[in-house]
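# Observations on the model geometry
Chain residues, written in single-letter form:
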Amino acid sequence: MDRPAPAPPQRSGNRTAVVPAARLQGWLHRFTASHSPVVEDFDDGGLILRAADGATALLRAPWPTDGRPGRGATELERLASLASQERGLGLLLVRRGGYALAATSGSTILGSKSGNRFVETKATAEHAARIFNEHRIEYIVPGGDRALVGQVLAHPALKAVSGRTRLAFLDVQEPKAAALAKAAADACSVRIIVTDPSA
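Residues numbered from 1 in each chain as written. Predicted model: local features only at pLDDT ≥ 70, side-chain atom pairs only at ≥ 80, totals over all residues. Heavy atoms only, no water.

## Some thoughts on the overall build of the protein
Looking only at helices and strands, one finds 5 helices and 10 strands in the protein. Computed over C-alpha atoms, the radius of gyration of the protein comes to 18 Å, within 12% of the 16 Å expected from 2.2 N^0.38 for 199 residues, which places it in the range of a compact globule. Taken over the C-alpha atoms alone, the protein extends approximately 55 × 35 × 25 Å along its principal axes. The proportion of buried residues among the 199 residues of the protein is 45%. The long-range share in the protein, meaning contacts at least 24 apart out of those at least 6 apart in sequence, stands at 64%. Accessible surface for the protein amounts to roughly 9800 Å². Of this, 51% is attributable to carbon and sulfur atoms. Both charge centroids of the protein, one from 25 positive and one from 19 negative side chains, sit 6 Å from each other. (Helix = DSSP H or I, 4+ residues; strand = E, 2+ residues; numbered from the N terminus. Rg over C-alpha atoms; globule rule 2.2 N^0.38 Å. Buried < 20%, exposed > 50% of the residue type's maximum accessible area, 1.4 Å probe, protein only. Contact = heavy atoms within 4.5 Å. Areas by Shrake-Rupley, 256 points an atom, 1.4 Å probe, with all protein chains shown as cover. Lys, Arg positive; Asp, Glu negative; His and termini not counted. Charge placed at Lys NZ, Arg CZ, Asp CG, Glu CD.)

## Description of the sheet that holds strand β8 (residues 139–144)
Here 5 strands make up an open sheet; going across it, the order is β7-β6-β5-β8-β9 and the pairing mixed. A single partner strand is all that each edge strand has here, and the edge strands are β7 (108–115) and β9 (165–166). Contacts from helix α3 (residues 121–133) reach β5 (88–95), β6 (98–105), β7 and β8, with the element oriented near 15 degrees to β6. Running over the sheet, helix α5 (residues 177–187) touches β5, β6, β7 and β8 and is turned about 130 degrees from β5. (Pairing = 2+ DSSP bridges. Axes fitted to C-alpha atoms, helices over the stretch in contact; angles between N-to-C directions.)

## Quick word on the confidence of the model for the protein
Taken over all residues, the pLDDT of the protein has a mean of 91, while the share at 70 or more is 93%. Across the protein, β8 holds the top mean pLDDT of 98, while strand β2 (residues 38–43) sits lowest at 87. Predicted confidence is poor over residues 1–12, with pLDDT under 50, and the contacts of this stretch with residues over four places away or in other chains come to 30 contacts. (pLDDT = per-residue confidence, 0-100.)

## Description of α3
Its 13 residues give α3 an end-to-end C-alpha distance of 18 Å, which sits within 8% of 18 Å, the value for a rise of 1.5 Å per residue. Of the residues making up α3, those classed as buried are Ala-123, Thr-124, Ala-125, Ala-128, Ala-129, Ile-131 and Phe-132. Looking at the buried side of α3, the elements it contacts are β5, β6, β7, β8 and α4 (146–154). (Expected span 1.5 Å × (residues − 1).)

## Comments concerning the environment of Lys-176
Within the fold, Lys-176 resides in the loop between β9 and α5. When the C-alpha positions of Lys-176 and Leu-93 are compared, they lie 8.4 Å apart, and in sequence the two are 83 residues distant. Excluding residues within four positions of it along the chain, Lys-176 makes contact with Ala-100 and Ser-114.

## Some remarks on the sheet that holds strand β1 (residues 14–19)
One open sheet accounts for 5 strands, arranged β1-β10-β4-β3-β2; its pairing is antiparallel. Edge positions in the open sheet fall to β1 and β2, since each of these has one partner strand only. Mean inter-strand twist for the sheet, computed between neighbouring axes without regard to direction, equals 20 degrees. Looking at chain direction, β2 and strand β3 (residues 46–51) are connected through 6 bridges and run antiparallel. In the strand pairing of β3, Asp-41 is matched with Ile-48.

## Side note on the pattern of salt bridges
Scanning the model with the defined rule gives 8 salt bridges in all. Residue Asp-41 pairs with Arg-50 through a salt bridge whose shortest N-O separation is 3.5 Å. For Asp-41, a relative accessible area of 33% gives the class partly exposed. The salt bridge involving Arg-78 is made with Glu-75; its shortest N-O contact spans 2.9 Å. Of this pair, Arg-78 and Glu-75 both sit in helix α2 (residues 75–84), 3 residues apart, which is roughly one turn of that helix. For Arg-78, a relative accessible area of 27% puts it in the partly exposed group. Judged by relative accessible area, Glu-75 falls into the partly exposed class, the value being 22%. When salt bridges that share partners are traced, they join Arg-68, Arg-136 and Glu-138 into one network. (Salt bridge = Lys/Arg side-chain N within 4 Å of Asp/Glu carboxyl O.)

Pasting the structure below:
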């Protein structure tokens, strides 16, 4: 589980859950109660649960281990422990009508900036550079419009952080200040892709 793998394409019967580390054990109990017995395996860079009824659940850590593995007696405990670590994140949420930026330690926002006017790549990149340069940024968390995010990250102002590992892309429809808390929490959560049993 060294690097988060790209999410597999969604198929009919698939659904995705974003589960905070503190709720992972509860999620497992519910999944097991519905589909038991369940066995653990590894697949696509994550922990996969295979149920007797044919259901599967692929659990992926929010970030790479990077020499800091989670602790615990089971794979699930280690995954939850890894997701609970405080990592330095740079949130970059951009759409044509606005942007929201934040530097976080785990899900705690340390500094942020947002705007709700037509996005100009240069100005957004400069705001992001100012926020990110004031804090420890280990990973970039992109969200919103992929093309616009790419343009902002390609700007010379962000040269110091543009090469950082990018975590899972967030689906953010309105990148405003109010969206940052949820985006930060989602960025630190375990992503679970559940495939229902075949009919």
